[in-house]
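Residue-level structure breakdown
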Amino acid sequence: MPKVILICGKICVGKSTYAEKLRAEGNAVLLSVDEIMLAVFGQYAGERHDEYVRNVQQYIFDKSLEILQAGADVLLDCGFWTKGHRDYSKEFYGQRGIPCELHFIDISGEEWQRRIEKRNGAVSAGDKNAYFVDENLLKKFEEGYETPAPDEVDVWV
């Protein structure tokens, strides 16, 4: 039976890279909120950014059901920064009898800073299509991020 993998971790820890690795290893489709948001709005979606993200997330959840019905696993690269979002996601799939795993990527603070700097350099140079991590984005992240409890995590990366 196809399953859903929720890829969780701080901004810029390697979630998208990990998701691509899993996608390449098996019969899976990757759905990424950032990929859609950047394709439609670019770096700045303005004051309605959070509303657009919620809409894209709902679209991704609905689309994932079609993909699962077609027989492929689904990899969701949506951050899953809050316990509420993780609980909602597990309930969404659990109510439909769909297996769901949370894969949590955890790295050291030093490595995290190095990756943010590397990403920002690549985005500034036009070599990477990702969000530039500025002070505002870091502040928003720090205000809303909730590290998963060990009992929430199925796979530690």
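Refer to the structure above for everything that follows.
The residue count restarts for each chain, going from 1 along the sequence in the order it is written. Where local features are concerned, this predicted model is filtered to residues with pLDDT of at least 70; where side-chain atom pairs are given and counted, the filter is 80 or more; whole-chain, interface and lining totals use all residues. Side-chain numbers come from the whole structure's heavy atoms, not from hydrogens or water.

What about the nonpolar core?
This is how it is decided: In plain words, nonpolar cores are sets of buried Ala, Val, Leu, Ile, Met, Phe, Trp, Tyr and Cys residues tied together by side-chain atoms within 4.5 Å. For each residue, the accessible area found with a 1.4 Å probe, counting protein chains only, is set against the maximum for its type, and the residue is called buried under 20%, exposed over 50%, and partly exposed in between. What counts as a helix is a DSSP run of H or I of at least four residues, what counts as a strand is a run of E of at least two, and both are numbered from the N terminus. What makes two residues a contact is simply this: any of their non-hydrogen atoms within 4.5 Å.
Of all hydrophobic cores here, the largest spans 46 residues; its most connected members are Val 4, Met 37, Leu 76, Tyr 93 and Trp 112. Per-element accounting of this core gives the leading share, seven residues, to helix α3 (residues 49-69). When near neighbours in sequence (up to four residues on either side) are disregarded, Met 37 contacts Gly 42, Ala 45, His 49, Tyr 52, Val 53, Val 56 and Tyr 131.

Examining helix α4 (residues 83-94)
Helical geometry: 3.6 residues make up each α-helical turn, so side chains three or four residues apart lie on a common side. This is how the line gets drawn: An expected span of 1.5 Å times one less than the residue number is assigned to each helix. Regarding the arc, it is the one traced by the directions from the helix axis to the C-beta atoms.
Helix length check: α4 (twelve residues) gives 16 Å between terminal C-alpha atoms against 16 Å at 1.5 Å per residue, within 8%. For α4, the complete set of buried residues consists of His 85, Arg 86, Ser 89, Phe 92 and Tyr 93. What you see down the axis of α4 is that its buried residues fit within an arc of 130°, all on one side. For α4, the secondary structure elements touched by its buried residues are β1 (4-8), α3, β3 (73-79) and β4 (100-104).

Observations concerning unusual backbone geometry
Across the chain, the bulk of peptide bonds are trans and the bulk of non-glycine residues have phi less than zero. A positive phi is found at Cys 12, a non-glycine position, where the angle reads about 70°. Tracing the sequence through the fold places Cys 12 in the loop between β1 and α1 (15-25). On the basis of relative accessibility, which here comes to 8%, the residue Cys 12 falls in the buried class. Phi is positive for Phe 80, close to 50°, though the residue is something other than glycine. Secondary-structure assignment places Phe 80 in the loop between β3 and α4. On the accessibility criterion, Phe 80 (0% relative accessible area) is buried.

Description of the pairing of β1
Cut-off, in case you're wondering: Pairing between two strands requires that DSSP report at least two bridges joining them.
Summarising burial for β1: five of the five residues are buried, a large majority. With burial as the criterion, each face of β1 is covered, one bearing Val 4, Leu 6 and Cys 8 and the other bearing Ile 5 and Ile 7. As paired strands, β1 and β3 are joined by five bridges and run parallel to one another. Residue Cys 8 lies in a different strand from β3, and its bridge partner there is Gly 79. Two elements, β1 and β4, share five bridges in a ladder whose sense is parallel. The residue of β4 that forms the bridge with Leu 6 is Leu 102.

Function-wise, these values are silent; they only describe arrangement.
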